[in-house]
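The chain contents come next:
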Amino acid sequence: MDVEEFLKRDVNRRQFLDRSARNAAGMAAGMAAGVVGLTSEMTQAETSPNERVVLAGIGVRGQGKFLTSSMAGFPDVRIKTICDVDESVAPAAVKSIDKGQGVAPQFVTDFRRVLDDPEIDGVVIATPDHWHALMAIMACQAGKDVYVEKPVSHNLTEGLRIVEAARKHQRVVQSGIHQRSGAHFQSAVDFVKSGKLGEVKLAKAWIIHRRKSIGKKKNTAVPAGVNYDLWLGPAANRPFNPNRFHYNWHWFWDYGTGEMGNWGVHMLDIARWGLDVDLPERISASGGKYFFDDDQETPDTQMVQYNYPGKTIVWEHRLWSTHGMEGRNAAAAFYGDKGTLIVDRGGWKVYDQKEAVTSGTSDQATTHHRNFIDCIKTRNKPTSDIEIGHTSSALCHLGNVAYRAGREIQFDPTQNRVVGNELANSLLGREYRKAWELPLL
């Protein structure tokens, strides 16, 4: 079904709200033994309720539980509500947040209940990729600030729409590319741009690790407590299959963006940041499912080359190997005529120079989450503003489009379209409706 059809189905809204009310009634509050992860000098006692930012988490099984639990540790944050289409994930998320803030959040299954709550200042979105953009746009429409996980969109056009919605409604929208908040990533990029590596015309980014096969599974009945219709949302209507559900949705084009959108967005963001580039003019890709004989649709091996005027970025992922490039499994490398810099989450190092400049690691996630809260208060642009998140996510989409089109594509960044290839343009989502113009139900 398309987005318009989904949003017009009033019967679903009534059913979802009824279920959400029943779910919320079953949650009990408790007290925790302290507050963790503080990065502010404020204490819980010094923070009045009026000074607190009230948030809701949408999608709280894995990353969403981590994000909301982290933010619950800030004394000036209250996680009022968490939302998930799977009731079974609620107890663990409630317990984790309760531990951080000393008060259990309420639980609902329909995210529109969150958007309807005037007390909630912002939402933290950690759903499957195919819901990121639509939820973020609807949240902006509802006057909420947004933290949206990477990739911020399921296709390039959705990303453009979020940027427009954020600007139109003057919302703070932080993308989940948390490495931007890491001091050592910032210093690495500063070093690259300083000229100390000479002229840097080539950057590489990669993820090399061993994933497991997901096997082949048959369609089954929808598990109890799962609102599958809402989980599908704007995606095509398909029977429930456990291989398309929790986490493994990453490897299906209807819901995910493969390893490009999962890990690629992080390292490609660093590569383009250091080279000081946005979107490329030519993209070529190769690879395939070489190793896994299972239900996955996305490639387990993929190489992408992004060509800019006078500069190139190269991406590689191998999901069946443990021998990383340049001695690192997930990193970005900058090659200059006077030296090479390699950076990952553990630090960075310069090679081919007499003085081997290095840096250790730095906090990324907590600092990134804190930046989001601070920007809600100050109305400043966050470290990974949605425009940054969109551009780096778009790199991943373009790599996947070139792979799926089976040929090099020429991209016009001024028009946000592929030149002379309608198949590629359809994969970019150019027909996606302007969701921010839809009325809230």
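A quick note: this is a predicted structure, and the numbers were derived from the prediction, not measured.

1. Thoughts on the nonpolar core
- By size, the foremost hydrophobic cluster in this structure holds 49 residues, and its most contacted members are Tyr 306, Phe 334 and Leu 341.
- The greatest single-element share of this core, amounting to 9 residues, is contributed by helix H10 (residues 258–275).
- There are two domains that each give this core at least three residues, and those are domain 1 (53–179 + 369–378 + 381–385) and domain 2 (182–362 + 387–428).
- Setting aside chain neighbours within four positions, we find Tyr 306 in contact with Met 260, Leu 268, Pro 280, Arg 282, Ile 283, Lys 311, Thr 312, Ile 313, Trp 315, Leu 395, Cys 396 and Gly 399.
- Ranked by size, the runner-up nonpolar core spans 43 residues in total, among them Phe 111, Ile 137, Val 146 and Phe 245.

2. Re the pattern of salt bridges
- Tallying each qualifying case throughout the model produces 24 salt bridges.
- For Arg 161, the salt bridge identified is with Glu 164, shortest N-O distance 3.6 Å. With Arg 161 and Glu 164 both in helix H7 (residues 156–168), this residue pair falls 3 residues apart, about one helical turn.
- Arg 161 sits in the buried class, given a relative accessible area of 13%.
- For Arg 211, the salt bridge identified is with Glu 259, shortest N-O distance 2.7 Å. Linking Arg 211 in the loop between strand E7 (200–208) and helix H9 (228–232) with Glu 259 in helix H10, this pair joins segments that are 48 residues apart in sequence.
- Overlapping salt bridges, with partners in common, bring together Asp 76, Arg 370, Asp 374 and Lys 377 in one network.

Basis of the calculations
- Residues numbered from 1 in each chain as written.
- Predicted model: local features only at pLDDT ≥ 70, side-chain atom pairs only at ≥ 80, totals over all residues.
- Heavy atoms only, no water.
- Core = buried A, V, L, I, M, F, W, Y, C linked by side-chain atoms within 4.5 Å.
- Buried < 20%, exposed > 50% of the residue type's maximum accessible area, 1.4 Å probe, protein only.
- Helix = DSSP H or I, 4+ residues; strand = E, 2+ residues; numbered from the N terminus.
- Domains from an automatic or database assignment.
- Contact = heavy atoms within 4.5 Å.
- Salt bridge = Lys/Arg side-chain N within 4 Å of Asp/Glu carboxyl O.

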